[in-house]
Amino acid sequence: MDLLPVLGASAATGLLSSVLTVVALKVDMRWVKEKVNDHERRIRELETMVMTCLNHSQ
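I will try to describe carefully the structure that is included in this document.

Some words on the overall build of the protein
- In terms of helices and strands, the protein carries one helix and zero strands.
- In summary, the protein has a C-alpha radius of gyration of 25 Å against a globular reference of 10 Å for 58 residues, an excess of more than 25%.
- Its C-alpha atoms put the protein at 85 × 5 × 5 Å along the principal axes.
- Burial analysis of the protein (58 residues in total) assigns 0% to the buried set.
- For the protein, the exposed surface amounts to about 5600 Å²; the carbon and sulfur share of it is 69%.
- Across the protein, 7 positive and 7 negative side-chain charges occur, with their mean positions spaced 4 Å apart.

In structure tokens form, the structure reads like this:
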């Protein structure tokens, strides 16, 4: 009879841990996607600046 509350607590802890892990992974994936997009934007700006400088030097 004492085993049921322990199993319930264990199941609840496991479920909560799984849910929070998924949430953390989603947040991390969103952050990585934002950083990649930011780097892509910066690279495009640099490419534009370089091409502008090259065109002016000719």
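Looking at the pattern of salt bridges
- By the definition in use, this model includes four salt bridges.
- The partner of E40 in a salt bridge is R44, with the nearest N and O atoms 3.0 Å apart. Separated by four residues within a single helix, E40 and R44 lie in helix 1 (residues 3–57), roughly one turn from each other.
- A salt bridge links E45 to R41, with the shortest nitrogen-to-oxygen separation between them at 2.7 Å.

Conventions we followed
Residues numbered from 1 in each chain as written. Predicted model: local features only at pLDDT ≥ 70, side-chain atom pairs only at ≥ 80, totals over all residues. Heavy atoms only, no water. Helix = DSSP H or I, 4+ residues; strand = E, 2+ residues; numbered from the N terminus. Rg over C-alpha atoms; globule rule 2.2 N^0.38 Å. Buried < 20%, exposed > 50% of the residue type's maximum accessible area, 1.4 Å probe, protein only. Areas by Shrake-Rupley, 256 points an atom, 1.4 Å probe, with all protein chains shown as cover. Lys, Arg positive; Asp, Glu negative; His and termini not counted. Charge placed at Lys NZ, Arg CZ, Asp CG, Glu CD. Salt bridge = Lys/Arg side-chain N within 4 Å of Asp/Glu carboxyl O.

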